[in-house]
Amino acid sequence: MQEITIKRLHEIFLASKGIVTDSRQCKPYTIFFALRGANFDGNDFAIKALNLGCQYAVVDKDGLGNDNRLIRVDDVLTTLQNLARYHRQQFDIPVLAVTGTNGKTTTKELLNVALSNRFKVLCTQGNLNNQIGVPLTLLRLKKEHTFAIIEMGASHPGDIKELCEIAMPNQGLITNVGKAHLLGFGSLQGVINTKTELYRYLIENDGIIYVNDKNPTLMGAIGGYRRVVNYPKGFELLPHEPMMSFLYQYDKFTTHLFGDHNYENMLAAVAVAQRNLIDVRNCLHALCSFAPVNNRSQLSKTQNNLLVVDAYNANPTSMSAAIRQFDSNQNYTNKIAILGDMLELGDASMLEHRTIIELLKNSNLYNVFLVGHEFCNAIKNTTLNGRVKDKFMTFEDTDAMLQFLKTYNIKGKTILLKGSRGVALEKIIPSL
């Protein structure tokens with residue numbers, strides 16, 4: 001077992017074939033980082049990782065033997081983060097941080113498409129946007145990369161500040177701020193304070209901030225800072241289109257994105273592209289070619305129904321926006337909604353779920369299926385009368401609704417699916 005400096009560990013990393021944090025993914029000449037989780041200790045798998053071909057294993061536990069391929073550190077996660085920060089410092093390229101309550105992943109993907117017109121882009125994959133995911137993304141930086149897009153998520157105060165200190169962004173944007181992860185933040189103001197940690201980092205380090213100047217909360221957080229790029233003018237959103245569409249210089253552009261809320265995400269991508277010398281029209285054509293995946297703002301047709309699938313995540317802000325957009329869209333007929341719980345709302349959960357139910361009461365949706373314990377509790381504390389009461393059905397979980405769908409055939413409907421990731425509404429899709 002040996003101790004090591006970050007500089008030396010970086011030299012070993014550069015000569016390796018990458019980093020793994022799961023012993024099941026071990027390959028020859030990789031480095032295993034023995035991270036700890038709530039229900040596991042990676043140190044227990046370090047020897048197995050070496051036996052499977054890993055060149056080294058980074059551990060923070062004694063008593064694992066004297067194998068010289070074991071690298072002993074005080075804390076494996078901190079070491080991973082320090083290594084990523086050291087690696088990022090070797091690159092003099094634009095590093096753009098993206099955070100926000102809603103839309104950060106879609107915006108990240110739109111940015112990737114837009115910027116790939118000119119740059120070799122490193123972009124966060126999937127939802128690797130936390131204290132582990134951000135370092136792993138940074139460690140994918142190679143000499144050929146000329147731009148990096150780093151998504152940053154947060155569930156507690158200080159999270160964005162910590163991720164900024166690792167990734168050291170020199171550009172950044174916040175998509176929006178709203179009610180999410182209230183269990184960790186405590187209040188909407190807690191969300192705002194945490195997300196705007198990105199602005200404070202960029203201001204302290206003379207970075208570039210992209211912002212929608214129509215958002216008073218975000219503009220207020222910027223203050224008098226001058227290195228600011230506002231979202232572009234000259235665009236006009238076309239309402240009530242099946243997919244998000246807009247005009248630019250009298251030409252119509254149609255995307256593959258459901259929901260007018262994606263208009264702002266598109267403008268963010270254009271702002272960044274323009275600032276980095278990419279032609280607007282080339283950017284727009286690229287954006288319109290982007291098709292979302294992973295149950296985010298997707299429109300799909302099954303044998304029986306038309307599905308509007310936005311079931312990757314949900315919070316009060318995004319849920320209410322999706323319902324209003326779906327309800328008002330005149331291109332859809334026979335509309336019903338299947339909505340899952342909004343998780344991690346803490347003491348505000350009952351109120352926020354009841355607020356959504358009140359919104360649904362006044363909608364034109366024919367049926368509403370509510371899935372999850374939180375919605376079931378909330379509807380018991382909501383007054384429902386007459387036809388309004390008849391249009392609601394509740395299910396304790398997704399499996400209970402699947403059982404219902406075995407006997408209740410939904411056909412010829414346009415269906416909105418929206419819920420938090422933990423509810424797993426996507427399991428219902430094959431039955432629709």
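Per chain, residues are indexed from 1 in the order of the written sequence. Predicted model: local features are reported for residues with pLDDT of at least 70 only, side-chain atom pairs are reported and counted for 80 or more only, and whole-chain, interface and lining totals are derived from all residues. Each side-chain value is worked out from all heavy atoms of the structure, with water and hydrogens disregarded.

Right, let's get into the overall build of the protein. Here a helix means four or more residues in a row that DSSP labels H or I, a strand means two or more in a row labelled E, and each is numbered from the N terminus. Broken down by element type, the protein carries 17 helices and 19 strands. For 432 residues, the compact-globule estimate of 2.2 N^0.38 gives 22 Å, and the protein sits close to it at 24 Å. Over its C-alpha atoms, taken along the principal directions, the protein stretches across nearly 75 × 50 × 40 Å. Relative accessibility decides the category of a residue: with a 1.4 Å probe and only protein chains considered, values under 20% of the type maximum give buried, values over 50% give exposed, and everything between is partly exposed. Looking at the protein residue by residue over its 432 residues, the buried ones come to 54%. For this analysis, residues touch if any pair of their heavy atoms sits within 4.5 Å. Put simply, of all contacts in the protein between residues at least 6 apart along the chain, 66% involve residues at least 24 apart. In the protein, which carries 46 positive and 40 negative side-chain charges, the distance between the mean positions of the two groups comes to 5 Å. Atoms considered for the radius of gyration are the C-alpha atoms alone. The globule rule reads 2.2 Å times the number of residues to the power 0.38. Lys and Arg are tallied as positive, Asp and Glu as negative. Neither His nor the chain termini are counted. Charge positions come from single atoms, namely NZ of Lys, CZ of Arg, CG of Asp or CD of Glu.

Here the focus is the nonpolar core. Ile19, Ile31, Phe33, Val58, Leu138, Ile150 and Met152 are the most contacted members of the largest nonpolar core, which has 46 residues in total. If you tally residues by element for this core, the top one is helix 6 (residues 159-167), at 5 residues. In this structure, isoleucine 19 is in contact with Phe13, Ile31, Phe33, Leu80, Leu83, Leu136 and Leu139, ignoring residues within four places of it in sequence. Joining through side-chain atoms within 4.5 Å is the link that ties buried Ala, Val, Leu, Ile, Met, Phe, Trp, Tyr and Cys residues into a set, and such a set is a nonpolar core.

Turning to the packing of helix 3 (residues 76-88) against helix 6, a few remarks are in order. Packed helices, taken two at a time, are described by the angle their axes make and the gap between the axes. Between helix 3 and helix 6, whose axes approach to 7 Å, the crossing angle comes to 50 degrees. The angle between the axes of helix 3 and helix 6 places the two elements in the oblique class. The residues of helix 6 that touch helix 3, namely those facing Gln81, Ala84, Arg85 and Arg88, are Glu162, Glu165, Ile166 and Ala167. Residues are sorted three ways: Asp, Glu, Lys and Arg are charged, Ala, Val, Leu, Ile, Met, Phe, Trp, Tyr, Cys and Pro are nonpolar, and all the rest, Gly among them, are polar. Grouping the amino acids of the contact of helix 3 with helix 6 by side-chain chemistry returns 3 nonpolar, 1 polar and 4 charged. Structural elements are reduced to axes, namely lines fitted to C-alpha atoms, with helices fitted over the stretch in contact, and the angle between N-to-C directions of any two is expressed from 0 to 180 degrees. Angle categories are assigned with fixed cut-offs, so that under 35 degrees is roughly parallel, over 145 is roughly antiparallel, 65 to 115 is roughly perpendicular, and the rest are oblique.

Another point: the packing of aromatic side chains. Within 6.5 Å between ring centres, the rings of Phe, Tyr and Trp (the latter by its six-membered ring) count as paired, and their orientation is classed by plane angle as stacked under 30 degrees, edge-to-face over 60, tilted in between. Overall, the coordinates contain 11 aromatic pairs when judged by the stated rule. Here a set of aromatic residues connected by ring pairs shows up, and it is made of Phe235, Phe246, Tyr248 and Phe253. When the NZ atom of lysine or the CZ atom of arginine is within 6 Å of a ring's centre and also within 35 degrees of its normal, the charge is said to sit over that ring. Across from the ring centre of phenylalanine 326, 5.9 Å away, lies the NZ or CZ of lysine 335, which sits over that ring.

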